[in-house]
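Residues per chain, in single letters:
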Amino acid sequence: MARPQPPPWVHAAVLLCLLGLGGAIEIPMDLSQPPTITKQSVKDHIVDPRDNILIECEAKGNPAPSFHWTRNSRFFNVAKDPRVSMRRRSGTLVIDFRSGGRPEEYEGEYQCFARNKFGTALSNRIRLQVSKSPLWPKENLDPVVVQEGAPLTLQCNPPPGLPSPVIFWMSSSMEPITQDKRVSQGHNGDLYFSNVMVQDMQTDYSCNARFHFTHTIQQKNPFTLKVLTNHPYNDSSLRNHPDMYSARGVSERTPSFMYPQGTASSQMVLRGMDLLLECIASGVPTPDIAWYKKGGDLPSDKAKFENFNKALRITSVSEEDSGEYFCLASNKMGSIRHTISVRVKAAPYWLDEPKNLILAPGEDGRLVCRANGNPKPTVQWMVNGEPLQSAPPNPNREVAGDTIIFRDTQISSRAVYQCNTSNEHGYLLANAFVSVLDVPPRMMSPRNQLIRVILYNRTRLDCPFFGSPIPTLRWFKNGQGSNLDGGNYHVYENGSLEIKMIRKEDQGIYTCVATNILGKAENQVRLEVKDPTRIFRMPEDQVVKRGTTVQLECRVKHDPSLKLTVSWLKDDQPLYIGNRMKKEDDSLTIFGVAERDQGSYTCVASTELDQDLAKAYLTVLGRPDRPRDLELTDLAERSVRLTWIPGDDNNSPITDYVVQFEEDQFQPGVWHDHSKFPGSVNSAVLQLSPYVNYQFRVIAVNEVGSSHPSLPSERYRTSGAPPESNPSDVKGEGTRKNNMEITWTPMNATSAFGPNLRYIVKWRRRETRETWNNATVWGSRFVVGQTPVYVPYEIRVQAENDFGKGPEPDTVIGYSGEDLPSAPRRFRVRQPNLQTINLEWDHPEHPNGILTGYSLRYLPFNGTKLGKQMVENFSPNQTKFTVQRADPVSRYRFTLSARTQVGSGEAVTEESPAAPNEAYTNNQPDIVTQGWFIGLMCAIALLVLILLIVCFIKRSRGGKYPVREKKDVPLGPEDPKEEDGSFDYSDEDNKPLQASQTSLDGTIKQQESDDSLVDYGEGGEGQFNEDGSFIGQYTVKKDKEETEGNESSEATSPVNAIYSLA
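To keep things clear, this report deals only with the structure shown in the data block. For every chain, the first residue of the written sequence is number 1, and numbering continues from 1 onward in sequence order. For this predicted model, a pLDDT threshold of at least 70 governs which residues receive local features, and a threshold of 80 or more governs which side-chain atom pairs are given and counted, while totals over whole chains, interfaces and linings are taken from all residues. The side-chain figures draw on all heavy atoms in the structure; neither hydrogens nor water molecules are used.

**Observations concerning the overall build of the chain**
Right, on to step 1. Helix and strand definitions follow DSSP, with helices as H or I runs of at least four residues and strands as E runs of at least two, each counted in order from the N terminus. A tally of regular secondary structure across the chain gives 7 helices and 81 strands.
Right, on to step 2. Per-residue accessibility, obtained with a 1.4 Å probe over protein chains only, is compared with the maximum for each type, and a residue is labelled buried under 20%, exposed over 50%, and partly exposed between these values. Counting over 1062 residues, the chain shows a buried share of 41%.
Right, on to step 3. Should any heavy atoms of two residues lie within 4.5 Å, those residues are considered in contact. In the chain, 64% of the contacts between residues at least 6 apart in sequence involve partners at least 24 apart.
Right, on to step 4. For accessible areas, the Shrake-Rupley method is used with a probe of radius 1.4 Å. Any residue's cover is judged against the shown protein chains and nothing else. Summing over all exposed atoms, the chain offers an accessible surface of approximately 58,700 Å²; the carbon and sulfur share of this is 49%.

**Topic: the sheet that holds strand β68 (residues 781-785)**
Right, on to step 1. An order of β64-β65-β68 is seen for the 3 strands of this open sheet, with the pairing classed as antiparallel. One side of each edge strand has no neighbouring strand; the edge strands of this open sheet are β64 (728-733) and β68. Direction aside, the axes of adjacent strands within the sheet are offset by 10° on average.
Right, on to step 2. As paired elements, β64 and strand β65 (residues 739-745) share 4 bridges and run antiparallel to each other. The residue bridging Gly-732 from the neighbouring strand is Ile-742, located in β65. DSSP-based pairing: two strands are paired if at least 2 bridges between them are found. Each axis is a line fitted through C-alpha atoms, and for a helix only the stretch in contact is used; angles between axes span 0 to 180 degrees, taken between their N-to-C directions.

**Observations concerning the pairing of strand β62 (residues 693-701)**
Right, on to step 1. Taking burial as the measure, the 9 residues of β62 include 9 buried ones, the bulk of the element.
Right, on to step 2. Burial of the side chains of β62 extends over both faces: Asn-693, Gln-695, Arg-697, Ile-699 and Val-701 are buried on one face and Tyr-694, Phe-696, Val-698 and Ala-700 on the other.
Right, on to step 3. Pairing of strand β59 (residues 656-662) with β62, which is carried by 7 bridges, proceeds in the antiparallel orientation. Paired with Asp-656 across the strands is Val-701, a residue of β62.
Right, on to step 4. Pairing between β62 and strand β63 (residues 716-717): 2 bridges, direction antiparallel. Along β63, the bridge assignment pairs Asn-693 with Arg-717.

**So, unusual backbone geometry**
One can expect most non-glycine residues to show negative phi and most peptide bonds to be in trans.
Right, on to step 1. Residue Leu-162 is joined to Pro-163 through a cis peptide bond whose omega torsion reads -5°.
Right, on to step 2. Among the secondary structure elements, Pro-163 is positioned in the loop between β13 (152-154) and β14 (166-170).
Right, on to step 3. Of the consecutive residues Asn-374 and Pro-375, the connecting peptide bond is found in the cis state with omega at 5°.
Right, on to step 4. Inspection of the secondary structure puts Pro-375 in the loop between β31 (370-374) and β32 (378-383).
Right, on to step 5. Its identity is not glycine, yet Asn-157 carries a phi of approximately 50°, on the positive side.
Right, on to step 6. Relative to the helices and strands, Asn-157 resides in the loop between β13 and β14.
Right, on to step 7. Phi at Asn-848 takes a positive value of approximately 55°, unusual for a residue other than glycine.
Right, on to step 8. In this fold, Asn-848 is placed in the loop between β73 (836-842) and β74 (853-862).

**Concerning the nonpolar core**
Right, on to step 1. The term nonpolar core refers to a set of buried residues drawn from Ala, Val, Leu, Ile, Met, Phe, Trp, Tyr and Cys, joined through side-chain atoms within 4.5 Å. Counting 30 residues, the largest nonpolar core has Ile-55, Trp-69, Leu-93 and Tyr-110 as its most contacted members.
Right, on to step 2. Elements that contribute at least two residues to this core include exactly β3 (53-55), β4 (57-62), β5 (66-71), β8 (93-95), β9 (108-116) and β11 (126-130).
Right, on to step 3. If we skip the residues at most four places from it in the chain, Leu-93 touches Ile-53, Leu-54, Ile-55, Trp-69, Phe-76, Val-78, Val-84, Ser-85, Met-86 and Tyr-110.

**Comments concerning empty space enclosed by the protein**
In this approach the atoms are scanned with a rolling probe the size of a water molecule, which exposes any empty space left behind.
Right, on to step 1. Definitions used throughout: a 1 Å grid over protein atoms alone; a cavity as a set of points that fits a 1.4 Å probe which cannot get out; a pocket as an open set with protein on both sides within 12 Å along at least five of seven lines; a lining residue as one with an atom within 4 Å of a point. Grid points are joined across faces, edges and corners, and a volume is the space filled by probe spheres set on the points. Applying the stated rule across the entire model yields 3 cavities of 30 Å³ or more.
Right, on to step 2. Roughly 50 Å³ of volume is contained in the largest cavity.
Right, on to step 3. Lining the largest cavity, in full, are Lys-181, Ser-194, Ala-281, Thr-286, Pro-287, Asp-288, Ile-289, Phe-308 and Lys-310.
Right, on to step 4. Residues are grouped as follows: nonpolar covers Ala, Val, Leu, Ile, Met, Phe, Trp, Tyr, Cys and Pro; charged covers Asp, Glu, Lys and Arg; every other residue, Gly included, is treated as polar. Residues that form the lining of the largest cavity fall into these classes: 4 nonpolar, 2 polar and 3 charged.

**A look at the pairing of strand β77 (residues 880-884)**
Right, on to step 1. Side chains Phe-881 and Val-883 project from β77 onto a buried face, and the interleaved Lys-880, Thr-882 and Gln-884 project onto a face without burial.
Right, on to step 2. The pairing of β73 with β77 spans 5 bridges and is antiparallel. Looking at β77, one finds that Glu-840 is bridged to Lys-880.

**Some thoughts on the sheet that holds β8**
Right, on to step 1. If you walk across this open sheet you meet the 3 strands as β3-β8-β7, and the pairing is antiparallel. Taken across any chain shown, the strands that pair with only one partner, and hence form the sheet edges, are β3 and β7 (84-86). Recorded for the sheet is a direction-independent mean angle of 20° between the axes of neighbouring strands.
Right, on to step 2. Here 3 bridges tie β3 to β8, and the two strands are oriented antiparallel to one another. Along β8, the bridge assignment pairs Leu-54 with Val-94.

**Observations concerning the packing of aromatic side chains**
Right, on to step 1. Whether two aromatic rings pair depends on their centres lying within 6.5 Å, for rings of Phe, Tyr and Trp, where Trp uses its six-membered ring; planes under 30 degrees apart make the pair stacked, over 60 edge-to-face, and the rest tilted. Tallied over the full model, the rule gives 19 aromatic pairs.
Right, on to step 2. Centroid distance Tyr-790 to Tyr-815: 4.7 Å. Interplanar angle 15°. Geometry classified as stacked. Taken as a pair, Tyr-790 in the loop between β68 and β69 (792-801) and Tyr-815 in strand β71 (residues 812-815) lie far apart in primary sequence, 25 residues in all.
Right, on to step 3. For Tyr-790, a relative accessible area of 21% puts it in the partly exposed group.
Right, on to step 4. Residue classification places Tyr-815 among the partly exposed residues on the basis of a relative accessible area of 30%.
Right, on to step 5. Relative to Trp-841, the ring of Phe-827 has its centre 6.5 Å away and its plane inclined at 75°; by these criteria the two rings are edge-to-face. Separated by 14 residues along the polypeptide, Phe-827 in strand β72 (residues 825-830) and Trp-841 in strand β73 bring together distant segments of the chain.
Right, on to step 6. The exposure class of Trp-841 is buried, given its relative accessible area of 1%.
Right, on to step 7. Of the aromatic side chains, those joined through ring pairs into one cluster are Phe-827, Trp-841, Tyr-854, Phe-874 and Phe-881.
Right, on to step 8. In this scheme, Lys NZ or Arg CZ marks a charge over a ring once it lies within 6 Å of the ring centre and within 35 degrees of the ring normal. Geometry around Tyr-427 places Lys-43 over its ring, the cationic atom sitting 4.1 Å from the centre.
Right, on to step 9. A cation over a ring is seen here: Arg-337 above Phe-326, with NZ or CZ 3.7 Å from the ring centre.

Right, here's the structure in full:
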């Protein structure tokens, strides 16, 4: 069966620290033992001169040790100095300056000695130094003059302090200097400009030094820059130019290094310290910096880039970090590199630190002191604080370099040995005593302990013991005889049993047994395995608005035999549950969220054995508070500096500041936006217009909204000047057909530039080029009367105040008033077929304005019947339209007119052409539905049928009849005839009807034919009743032609014709 693997979250819950498990066995304090240093000050001890001085030294031993000190390697008599005392039962020195004295008098190297009858232990050599924060020397700094685009270094050169101060740059008004890849502070504190721009003149630059112990900040006199440029800074078109440098006349340059100088340098760093490499380059455009290591990659786990890639930091360096590094500075003009050779040296560090040696009489042992460093450190042995060479000889002791060997030790061999290993970069000092005891095994912890542990965790079962000779220790589980060691178990030198990963089957009773030649001792530990506590539904980050309700979930699974406690932290501090909050077993609810509720919320689910944490961040969005304390400084003729103190951003960073102004002449009480600035600034130079009595206020803006406006600043009036511009949006438009109204947008307070602003209006006819008419107007409109209809005018409007006139204005073309247009020309109606009607027209001869379109009204009619009128509106460019006929019989009447903005003009009316036979059908009722017409048609059909029958009979008898044997006029080519001169008889009713034909111009023409209604009469007009019905007889047209017989070819009726044929 495979061993169960712990889930990933278990490793984060391991609470056990295994440090020191392999350490030396401690001697119980009830047994005699030499002194051991337990606490001491750091080697380089820097103190605040305003406080009393403490130099710590504490030790243990049996009997309790006594203490004394040396200063600069000489005995320091504490009793002789009234300011110096030693704490009771301790070696800590206290130097009191309440009654006077200078702390600098006590600087030096101190060392503590702790002694009892079994030996002497030593502290490190403690170098005492008093913190120093010297004043900055006063100096007068001339303005720094530099050409735009050139590199610049502003040196800080802070006074030497102890420890070294923290350097930062600000303006004299305590505004931070914005840094980027072009402008940045070097590690030495200097401020570097890769290339100087004109905007760098907007502030001054002061180096500040903050001293740690005194908590003071000293400020150097500020530098003032004067940048020589070819273009003024307020040329916004150049500032926003995509290639700003060339647009401003700045020559582009390849990079060069400002720090370090040259192409190569070297640097030494001590092992375990941080390595900081720096490259700062100048150039136009600003160069980019990249870092490389020759022959390998940068150590990704320890390397990080700082100061806009200008610095490379490698933390906790080791010997393998030595080598050659190079930085590459490049821009579009080229690149340059600098090589830094890094050498890693090392102060001594332990390979094998000597440990206390506990021996029984007659036993052998050894002390080992091994250290490494670069250069290789030397090793010096001492005993009880004295060089080993000066100590009395001991036949049981042998020194072999870094090892002291003891053979057949006796009680007299008890002592404290010191190993001092040093090189030019530092030293290490270690104390290790030799104690000779004869003690049977003993257990140092309570018996039969209950240990409860969490499943899958690593745990340790402690079994502290002591004995001399050192006992051997073995562990057993549930009384079984096999010793526990190896696999999932590991036994440490101090007797602890480590179980690397707890499983359910590891639960039980564990016994530890310590044995030496003087006896044995044992102890038992009962181990219980519990399920882990786990948050399975964690709170989530939330962004909420002020005043809303938010709920943070926290659902937990835990071992039921353990008591669960769920608590909440806010910003890593216990959360007070007020009346706006409700805490439940699986959630936290906050009602009416306020700005103070923003922060991190941590759900802590804990039992007595373990805990699980889940954190979420609550962001409360609120509008910022209003800025305050507005101040006007640097008053100039056309500019002023406005400074304000930002209000609280209410947990949402301020992104912008909007500066508004109000003037008391044109629009008093009305606020206008002046400019906008980034949320990172609180001071700005405002450009002003002439002759304006300004008052300013500031509004802060964040993602939630805008703050209330600040209180207004004091007023500031600028001097006057002639206008520098003219009114905008000048127009000339007629309001009537005989006038033209000239209007413009009046100039505001910031463009008037002086008192009594007025406008000189000029106009004249464009075509005639007559002399200019003019008038002086105080408002924003002027009406020109008695103008022709819709003619162009040239118009000019010029601003003028008491200081003079504005620039020459531009000429604008305007038009006098419009009128109704004349009728469209050449309105044509064409009917290419019975389905569509095409309309075409030309524009009016006199539009009298700008045509806005055409209106077409049309309706179908059939005799007296009228259809529904329809309306179509067309654009002014459309001059064609096609109508789809609803039926082939009806005609259409069309009325077309043109439109201007005044209205529709004169209309023109046309009708569609008449259809074939329409002359007969006009104004007649529809005869198709009349009863008499139906009867007549039926009679005619019957007669035609009889005629066809007779023809059939005749044909069956002979077929051909010579109706034209002799004829003066020859047959026409259309007469059907046989070769013998005869023709087949065919009825006229069998001929296809001749359709009407349409002319090319779309009008309907009747086919020329003798087959008219009149022709069917006997030589006269057709006759009609009063109701219009036809009452004439159909007659056969007389054809006077000669025949051979005396028989008449004329028939008086269709019936007679039938009889004659028969």
